[in-house]
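# Structure assessment
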Amino acid sequence: MRKILDNLKIFSALKSYNFLRFHMPGHKGKEEIFPDAIKNIFPSFDVTETFCTDNLLDPKGYIKEFLDGINEFFGSNYSFLSLQGSTHLLQASIAAFSNPYDGILINRDAHKSIYNIAKILKLDIEYIYPQYDDSLGIFTYIDEKHFESVLQTSKSQIVVITSPSYYSIEQNVQALSDIAKKYQKKLIVDQAHGGYYKFAGKKTALDLGADICILSLHKTLPCPNQSALLLSNLSNNDNKKLSAYLGYLHTTSPSYVLLAWSEYGIEFSKMFGRQLFKELEGKLEKLCKPVLEYTNYVYRDVDVLKLLLNFGKAGKNQSFVKNLLERYSIVPELFDQNRILFYFSLVDALFNFEILESFFYDIIKEKGKRELEKKFLSPPRPKKVLKIYQVDNAKKRRVKIYEAEGFVCAQAIIPYPPGFPVVVEGEVIDKDTIEYLQELFGKEFIKENEVDVIEEG
């Protein structure tokens, strides 16, 4: 056995992953929050569908009882626990209520899984553009007048918005839901990043009028990677259709180990969520006070479990901050040329932040040359010349990004994280796109990386 272990590359690499995890998943690798009964469920719980086990895709026994409890807790009339993440839930929801060549209306900074299903289903994408903060370099709030004006002319029957965003911005879901209902649109809210809301005493998108709300359990709760939850308040007939499509796109061999672990994480969060969130809020408020002016916390409607720090505004460069991260053995969720994103979970309330406090102190104790007028470039709005699915049969070639100006994009450029595209298939790669990518990732990135484009002629 020892010889086998010594030859395992993945096992050996992950065994040495001993860092402060300010990134997903929400359990943060803290074994102490799991009783031995949960930690030791593999392999004995790794069973399949038999007459002695319930079936996630057609629950009639204990899984149905579990989902009934979910509906009671969240106030939904239908729910589904996915072991293929929010991606599966978003794609199945869109597929259930779309026909080929329909339209779909989404916020431009939607997750790439939505773009992918639009391509597969041959949907024409229409966009809602949130406002933009050029001091932090993030999309922010959806203007309600803009939202309504787009809905007035949109042929799409489905509207998908993200709240909170990857960068923590919470939309006014209640107002957007009222507008969507006015124009008889189904509103799907990708609330993956707010999976902890109900457990912390906050309202979910479902509470605020969304037809479908999708929560990622693993991002901020002590649940395993891949676990996500769909909540619906649609009619019975629509829920039946939704259930069918969820089954079509989900593996027929769901993991009972992950199911059991997810159930534990949910019950843990029900019992301790409010208390942990309150304690964590206090710690985060204290933590961010010295660096408040450089963070997303300056906004009123934000998910506080995501702390975005603009270290460039504090006069520090990427190299300095990278060395600092290595010195403190910190791994953040995102790290680019000017910003760093720390992703917290309810579990973080159980631990102190002395090391992170020291990290922040080192960022601001000796302020470098601060560029007061420095503003982030606005994300490009490339011209669409083809629909996302029309590029599949075109002749393509690869070019360096810095040489791609004027070409039509044949493979979306999606920095990950955060996971939404800068330029989409069928859009023209313009000068603004290349400059924006260079600002995010540096000159070496656009010189070394290539993109698929449609061959001219």
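Since the structure is predicted, the reported quantities are computational estimates derived from the model, not experimental observations. (Residues numbered from 1 in each chain as written. Predicted model: local features only at pLDDT ≥ 70, side-chain atom pairs only at ≥ 80, totals over all residues. Heavy atoms only, no water.)

Let us look at the packing of helix H5 (residues 85-96) against helix H6 (residues 112-121). Relative orientation of the contacting elements H5 and H6 amounts to 40°, with a least axis distance of 9 Å. Judged by the sense of rotation from one axis to the other, the crossing of H5 with H6 is right-handed. Contacts between H5 and H6 involve Thr-87, Leu-90, Gln-91, Ile-94 and Ala-95 from the former and Ser-113, Ile-114, Asn-116, Ile-117 and Leu-121 from the latter. Taken together, the residues that form the contact of H5 with H6 break down as six nonpolar, four polar and no charged. (Axes fitted to C-alpha atoms, helices over the stretch in contact; angles between N-to-C directions. Helix = DSSP H or I, 4+ residues; strand = E, 2+ residues; numbered from the N terminus. Left-handed = near helix turned anticlockwise from the far one by under 90°. Contact = heavy atoms within 4.5 Å. Nonpolar A, V, L, I, M, F, W, Y, C, P; charged D, E, K, R; others polar.)

Turning to the pairing of strand E11 (residues 306-310), a few remarks are in order. If a strand is regular, its side chains alternate between the two faces of the sheet. For E11, the buried fraction is high: five of the five residues fall into the buried class. Burial of the side chains of E11 extends over both faces: Lys-306, Leu-308 and Asn-310 are buried on one face and Leu-307 and Leu-309 on the other. In the sheet, E11 pairs with strand E14 (residues 339-343) via five bridges, with the strands oriented antiparallel. When the bridges of E14 are listed, Leu-309 appears paired with Ile-340. (Buried < 20%, exposed > 50% of the residue type's maximum accessible area, 1.4 Å probe, protein only. Pairing = 2+ DSSP bridges.)

Taken in spatial order, the seven strands line up as E2-E10-E9-E8-E7-E3-E4 in an open sheet, and their pairing is mixed. Since the sheet does not close on itself, it has two edges, and those belong to strand E2 (78-82) and strand E4 (124-128), each with one partner. If you compare each strand with its neighbour and ignore which way they point, the axes differ by 20° on average. As defined by bridge partners, strand E9 (residues 212-216) adjoins strand E10 (residues 228-232) across five bridges and the pair is classed as antiparallel. When the bridges of E10 are listed, Cys-213 appears paired with Leu-231. Across the sheet, H6 touches strand E3 (103-107), E4 and strand E7 (158-162), and the angle it forms with E3 is around 170°.

It is worth spelling out the side chain of Asp-211 at this point. Topologically, Asp-211 is positioned in the loop between strand E8 (186-190) and E9. Here Leu-187 takes part through its backbone nitrogen, which lies 2.8 Å from a polar atom of the side chain of Asp-211. (Polar contact = N/O pair within 3.5 Å; in protein donor to acceptor, adjacent residues only side chain to side chain.)

Attention now moves to the nonpolar core. One broad rule of soluble globular proteins: the nonpolar side chains tend to lie buried together. Counting 123 residues, the largest nonpolar core has Phe-342, Phe-344, Leu-356 and Phe-359 as its most contacted members. In terms of residue count, helix H10 (residues 256-288) provides more of this core than any other element does, twelve residues in total. Excluding its chain neighbours within four sequence positions, the residues that come into contact with Phe-359 are Val-321, Leu-324, Leu-325, Tyr-328, Ile-330, Ile-340 and Phe-342. Ile-401, Ala-404, Ile-429 and Leu-440 belong to the second-largest nonpolar core, a separate cluster that totals 16 residues. (Core = buried A, V, L, I, M, F, W, Y, C linked by side-chain atoms within 4.5 Å.)

Take unusual backbone geometry next. Following Met-24, the chain continues into Pro-25 via a peptide bond in cis, with omega recorded as -5°. Note that Pro-25 resides in the loop between strand E1 (20-22) and helix H3 (36-39). Phe-42 connects to Pro-43 through a cis peptide bond whose omega is 10°. Tracing the backbone shows Pro-43 in the loop between H3 and helix H4 (62-74). One non-glycine residue with positive phi stands out, namely Tyr-101, at about 75°. We classify Tyr-101 as exposed; its relative accessible area is 56%.

So, on to H6. Within H6, the full set of buried residues consists of Ser-113, Ile-114, Tyr-115, Ile-117, Ala-118 and Lys-119. Packed against the buried residues of H6 are H5, E3, E4 and E7. The first or second residue beyond H6 is Lys-122, which carries a positive phi of 60°.

The complete set of buried residues in helix H7 (residues 144-153) reads Phe-147, Glu-148, Val-150 and Leu-151. Seen along its axis, H7 keeps its buried residues to an arc of 160°; they face one direction. Seen from the open side of H7, the exposed residues pointing more than 90 degrees away from its buried face are Lys-145, Gln-152 and Thr-153. Against E3, E4, E7 and helix H8 (173-182) lie the buried residues of H7. Between a side-chain oxygen at the N-terminus of H7 and the backbone nitrogen of Lys-145 the separation is 3.1 Å; the capping residue is Asp-143. (Arc of directions from axis to C-beta.)

Taken in spatial order, the three strands of this open sheet run E11-E14-E13, and their pairing is antiparallel. At either end of the open sheet lies a strand with only one pairing partner, and these are E11 and strand E13 (334-335). In the sheet, E13 pairs with E14 via two bridges, with the strands oriented antiparallel. Paired with Phe-335 across the strands is Ile-340, a residue of E14.

So, on to a nonpolar patch on the surface. Taken together, the side chains of Met-1, Ile-4, Leu-8 and Phe-11 define a hydrophobic patch exposed on the protein surface, amounting to about 440 Å² of accessible area. By the secondary structure assignment, Met-1 is in the segment before helix H1 (2-6). Assessed through its relative accessible area of 81%, Met-1 is described here as exposed. (Patch = residues over 30% accessible without salt bridge, like charges linked within 9 Å, V, L, I, M, F, W, Y side chains within 5 Å. Areas by Shrake-Rupley, 256 points an atom, 1.4 Å probe, with all protein chains shown as cover. Salt bridge = Lys/Arg side-chain N within 4 Å of Asp/Glu carboxyl O.)

By the secondary structure assignment, Thr-204 is in the loop between E8 and E9. Look at Thr-204 and you get buried, because its relative accessible area is 1%. Those residues in contact with Thr-204 that lie beyond four places of it in its chain are Phe-74, Gln-191, Lys-198 and Cys-213.

For Asp-452, the location among the structural elements is in strand E16 (residues 450-454). For Asp-452 and Arg-398, which are 54 residues apart along the polypeptide, the C-alpha to C-alpha distance reads 4.5 Å. Those residues within four positions of Asp-452 in sequence are excluded, and the remaining contacts are Arg-397, Arg-398, Val-408, Cys-409, Ala-410 and Gln-411. At 2.7 Å, the side chain of Asp-452 forms a polar contact with the side chain of Arg-398.

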